[in-house]
Amino acid sequence: MTTVIMRTTARVVVPLILVVAVSLFLQGHNLPGGGFIGGVLATTAFALVYISYGLDFPRVLGHDLEPVADVLDDPIVVLYRRAFLLGLVIAIGGGLVPLLFDLPFLSQTYVILHDVPIYGEVEIASAVVFDLGVFLVVVGGFLTVLSVVGAE
Amino acid sequence: MVSPVGPEVTVLAVCLPFAVAVLVPAVHRAVGERTGYVGAAVALACFGMLATQIGSEATVSIPWIPALEVSLRFHVDGWALLFALLASGIGALVFTYSVGYMYGEEGLVRYYAALLAFMGSILGVALSADLIALFLFWELTSVCSFLLIGHHTGEADSRYAARMAMIVTVGGGLFVLVGFLALFVASGSALGTETFSLVAMLEQPAAMRAALRDAGLFVPALFLLAVGAASKSAQIPLHFWLPNAMEAPTPVSAFLHSATMVKVGVYFIGRLRPLLESPEWMLLFATLGLATMAVTAILAVASTDIKELLAYSTASHLGLMVAAFGFTVPYGAEAGVFHLLNHALFKAPLFLIAGIIAHEAGTRRIDELGGLRRDLPVTALLTAVAALGMAGFPPFNGFYSKELLFEAAYEVAHTAGGLAWLYPVLAVFASVFTVLYSLRFLALFFGTRPDELGSIHHPPATLLVPPAVLVAVAAVVGIAPQFAVDSFVGWAVEPTALEAHEMHAGLPSSLTPPVAMSIITILAGLAAYPFYDRIRDGVRALTAAGPVRANWWYDAGLAGLESASARSIPAIQNGRLRTAVTWVLGATSALALAGYAATRVSLPAYDGLGVSLPTILVLVVAVSVALAVTRAPSHIAGVLTLSVLGVMIAVFYILASAPDLALTQLVVETLLLLVFLLVVEELPEFYGDLDSGRAVRDGLLSVGVGATVFLTVLLTTRSPPGGGDSIARYFAEQAVPEGGGTNIVNVILVDFRGFDTLGEITVVALAAIGVLALMSRRDRGDTA
């Protein structure tokens, strides 16, 4: 799959996909989107890179990496692994915060900020923290599976 | 009498053993072998806390799963307190005894932790008044006993016995669970609301019985609960696990057999007695109990090992109690409750004495023991009091409760006549054997001392004091039975009794038929004792044949299961994904369809195709694409065609105004396509030749799976709980004010059902961790 067409397309498309993924994630509370969809879309972007360049794509971008024998020790895979663990920690940790205020586990709340420059009215929901956890778990988990199994 | 301490203390008494059980590793590191004293202190603390409740009757309720009406409900009354006090009191002695008996053994941390949790679960069973909590504690006792019986993990016998006890008692517990559900269903029409509260049910027993009968559930519920109680209390034909359980360390045997787990079933029968009392009740439990009493007493006579003798004797006495509770006359409850106490008071010391003998003499074989009185004079005295109590000789404690059983049996026979006369006959017949084996146990201390027996040391105080305490209490009950009745037993009988009755216990003053039965029992026992060896050999010859022994059935059943699964694995799991998927999908569909057939679901009426033209167009495209997939000439074409199907589903979601789902579907579809492309490279270029037989089978299977899914969707979406679209409307109305988001799907995911989402992402994380674990193991080369 590592044809020139594929690589060129990936270079153009991947940043676009990532931007869309982030915007989907952020708008999730009010419009279609959210942590899961954003996460899957971001995974797609990385998968595309992976398919076109293989696991050593950082080298293409100019980073100098020591080659490793075992796919599990690959810095990228380690990164994916950390991503989903971090996501779990964020989701559970965020869920524990309401306990400090004598509310049930995973209670959520929100505030609406008025008169913000450019945007006007901005709503900040605590659920976005939980959603970020979901996002990271989805990206990290799927990519770990994809890269480890794909390397076989 | 009102207790100065609130009933909440019972909750503490149940929780304390569990809390300390968790701390045992730390305690053991700090005090080493003396951990047993800590356990004894905990048991004593529980005993003290429970003792403050004597005379009071109260319920404490802690909400647990309020949506299902489940609470941790603890109820204190005489019957619960008698059982809980026995468990904690004997628990304290067993812990003390363990310090001496288990000295220097391995795995003491596990032993003491399991013993503490075991005691906690017994207290939980005794005090729970909520069926779900009761079931939980009930099964916990089984799990803890599994750990305790299998304490010597290196020995095959130990593992065999532990597994047997687990299979029988946990399996019985499942019957109890179904029985509880029947009670729960009946409580709906009897009490107005469906509840798991046993207290509420016991307040209106007549209404509960009527409701059960109306629903046709009375006999099934009675049967299910009886199977559970019988498995726990080792009634025939499920008695065989109890003698095997003697593989446990002796302190555990004393605890298991005398005070606690095996009596849980009896306790439970006593508890339900006022609720389910009926002619069926009497027929079932009186017959079951007396048959157990007779069969296991005969088996006890044939035993070769002192612990085996005591174990069979326990089963026999449990039969006595079950039969007593079975008789629906006032004497029945009195006999059951009083014998529960008496049996604990003589059987626990007897087990502890058996431990002393095994410890000091080095053997447990009956034939190798004799004349121990010269070496162990104090133990001999203790044994005499306990064994004569077990035999039911006056004026020892067992006599009074057995006399009450005779009175109950006689009264029932006298009223009913006919075949009911078998009850007193069977009771006397079984008691003769009780006298025989009790005397045999006592004879270990008398007669000639075999030469092979080496020097026997005097037991240390930690081994001798616990049985001495129990025997002293037994002696007090024996000398002053009416005192025991007035101070405690009478009060404990009340919750199990059907009507108020003045309870009396004492030496008989005139010759009544039950007294005559006692005299016959004792005389026949004494007369038969000289022929003990001949009787024993006869019983052994009779039970040598395979199918007569319950053990044989257990072994044969287990071996059959094992060989059946060994034979089926090559067919089901032959390493090919296709085979595994065929079996999983086929079995799932068959089970689901069978479930629909069994519950006789009715299909919703067909009211025309309520779909718009665009939807029809999308569905038509989807179906034709699905057909095209099967005709695809290469992998790439197949994957791409399949993606068209996925996109059509996304379009369908949009038409059904679910943009979120459509978006998810599109994104996931894209990702899947990428993954497929990754995999396709590795696959062979062409499909193999199609085997027509396999094609037909796969076709049938896919039609079956499709039909199952179709039916399931049809049935589950027909009548959502709450009727109509109330849930959808609730979420639509609450999304903005409660969650602050206008995207209902997302608000549900993160605000309303965040816990579900957390579970889902945990699954994703687990899948990733699983893949990592698999790969790292394989690289290390230990795939075997």
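Rules behind the numbers
- Residues numbered from 1 in each chain as written.
- Chains lettered and ligands numbered in written order.
- Predicted model: local features only at pLDDT ≥ 70, side-chain atom pairs only at ≥ 80, totals over all residues.
- Heavy atoms only, no water.
- Helix = DSSP H or I, 4+ residues; strand = E, 2+ residues; numbered from the N terminus.
- Contact = heavy atoms within 4.5 Å.
- Phe/Tyr/Trp six-rings, centres within 6.5 Å; stacked < 30°, edge-to-face > 60°.
- Buried < 20%, exposed > 50% of the residue type's maximum accessible area, 1.4 Å probe, protein only.
- pLDDT = per-residue confidence, 0-100.
- Buried area = accessible area lost by both parts, 1.4 Å probe.
- Polar contact = N/O pair within 3.5 Å; in protein donor to acceptor, adjacent residues only side chain to side chain.
- Nonpolar A, V, L, I, M, F, W, Y, C, P; charged D, E, K, R; others polar.

**Here we look at the environment of Ile62 of chain B**
Residues and elements named next belong to chain B. Position of Ile62 relative to the elements: it lies in strand 1 (residues 58–65). A sequence separation of 66 residues divides Ile62 from Ser128, and the C-alpha atoms of the two residues are 11 Å apart. Non-local contacts of Ile62, meaning those with residues more than four positions away in its chain, are made with Val11, Ser71 and Leu72.

**Observations regarding the packing of aromatic side chains**
Residues and elements named next belong to chain A. Within this structure, the stated rule accounts for 22 aromatic pairs over all chains. Consider the rings of Phe25 and Phe135, whose centres lie 5.2 Å apart with planes at 50°: the pair is tilted. Highlighted residues: Phe25 in helix 1 (residues 4–27) and Phe135 in helix 5 (residues 127–151), separated in sequence by 110 residues. Classification of Phe135 as buried rests on a relative accessible area of 13%.

**Details of the confidence of the model for chain A**
The pLDDT averaged across chain A works out to 81; a share of 86% of its residues lies at or above 70. Averaged over each element, pLDDT in chain A is lowest for helix 3 (residues 57–60) of chain A (62) and highest for helix 1 of chain A (88).

**Points about the interface of chain A and chain B**
You'll often see interface size given as the accessible area lost when the parts meet. Contacts between the two partners involve 47 residues from chain A, matched on the other side by 43 residues from chain B. Across the chain A to chain B interface the summed buried area is about 3,700 Å²; carbon plus sulfur atoms make up 76%. In this assembly, chain A and chain B are joined by one residue pair in polar contact (both at pLDDT 80 or more). When contributions to the side of chain A that touches chain B are tallied by element, the ones reaching two or more residues are helix 2 (35–53), helix 4 (75–100) and helix 5 of chain A. In terms of residue count, the dominant contributor to the side of chain A that touches chain B is helix 5 of chain A (14 residues). Its residues assigned to classes, the side of chain A that touches chain B shows 30 nonpolar, twelve polar and five charged.

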